[in-house]
Amino acid sequence: MFLNVPILVTGGAGFIGSAFVLQWLTEQRTAVTVLDKLTYAGNLENLASVAQDPRYRFVRGDIVDSALVRRLLDEQH
C-alpha cells in the first residue's frame, strides 16, 4: 500500500528510527522528514544511503521544541 502523505519521524537517526526511514523510502513514494537531536543514539551515518534522496530531509532539533515541531508539521501539508 502506498500512502500519499509526507511523514515526520522523530529520533530517525537512531538504530530503530533509521531502519524505519530506510524501509519507508524503499516502499513508499512520499517524503520523510527526520527530526533528531543527535545525542548518543543518533548517527547520521545510519541515513547516509538516503542523504541524496529528494524525499528525505533531516532537521537537527529536539521534540520538546514545540515551535519547531509545529513548523515542521505545518510544512508537511
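Keep in mind the model is a prediction, meaning the values are calculated, not measured.

Conventions and cut-offs
Residues numbered from 1 in each chain as written. Predicted model: local features only at pLDDT ≥ 70, side-chain atom pairs only at ≥ 80, totals over all residues. Heavy atoms only, no water. Buried < 20%, exposed > 50% of the residue type's maximum accessible area, 1.4 Å probe, protein only. Helix = DSSP H or I, 4+ residues; strand = E, 2+ residues; numbered from the N terminus. Arc of directions from axis to C-beta. Pairing = 2+ DSSP bridges. Axes fitted to C-alpha atoms, helices over the stretch in contact; angles between N-to-C directions. Core = buried A, V, L, I, M, F, W, Y, C linked by side-chain atoms within 4.5 Å. Expected span 1.5 Å × (residues − 1).

Asker: Help me understand helix 2 (residues 66-76) in this model?
Answerer: Along an α-helix, residues three or four apart share an orientation, since each turn contains 3.6 residues. Buried within helix 2 we find Leu-68, Val-69, Leu-72 and Gln-76. The arc that holds the buried residues of helix 2, viewed along the axis, is 100°, so those residues lie on one side. Of the exposed residues in helix 2, those oriented more than 90 degrees away from the buried face are Ser-66 and Ala-67.

Asker: Just checking my understanding: could you explain the sheet that holds strand 3 (residues 56-60) for this structure?
Answerer: Strand pairing within a sheet occurs via backbone hydrogen bonds; the two strands may be parallel or antiparallel. As summarised here, the arrangement of the 3 strands in space is 1-2-3, forming an open sheet in which the pairing is parallel. Strand pairing shows two members of the sheet lacking a second neighbour, strand 1 (7-10) and strand 3, which therefore form its edges. Neighbour-to-neighbour, the strand axes of this sheet turn through a mean angle of 20°, independent of strand direction. Pairing geometry for strand 2 (residues 32-36) and strand 3, over 5 bridges, is parallel. Pairing of Val-32 across the sheet is with Tyr-56, part of strand 3.

Asker: Could you clarify how one ought to interpret the nonpolar core in this entry?
Answerer: Buried together is how nonpolar side chains tend to be arranged in soluble globular proteins. With 12 residues, the main nonpolar core is built from Ile-7, Val-9, Ala-13, Val-21, Trp-24, Leu-25, Val-32, Val-34, Leu-38, Leu-47, Val-50 and Tyr-56. At the level of elements, strand 1, helix 1 (15-27) and strand 2 are the ones that each hand at least two residues to this core. Per-element tally for this core: the top contributor is helix 1, with 3 residues. Among the nonpolar cores identified, the runner-up in size contains 5 residues, and Leu-35, Val-59, Val-69 and Leu-72 belong to it.

Asker: Would you explain helix 1 in this entry?
Answerer: The end-to-end C-alpha separation of helix 1 is 19 Å, in line with the 18 Å expected for 13 residues at 1.5 Å each. Listing the buried residues of helix 1 in full gives Gly-17, Ser-18, Val-21, Trp-24 and Leu-25. Buried residues of helix 1, seen end-on, are gathered within an arc of 125° and therefore sit on one face of the element. Exposed side chains of helix 1 directed beyond 90 degrees from the buried face belong to Phe-15, Ile-16 and Thr-26.

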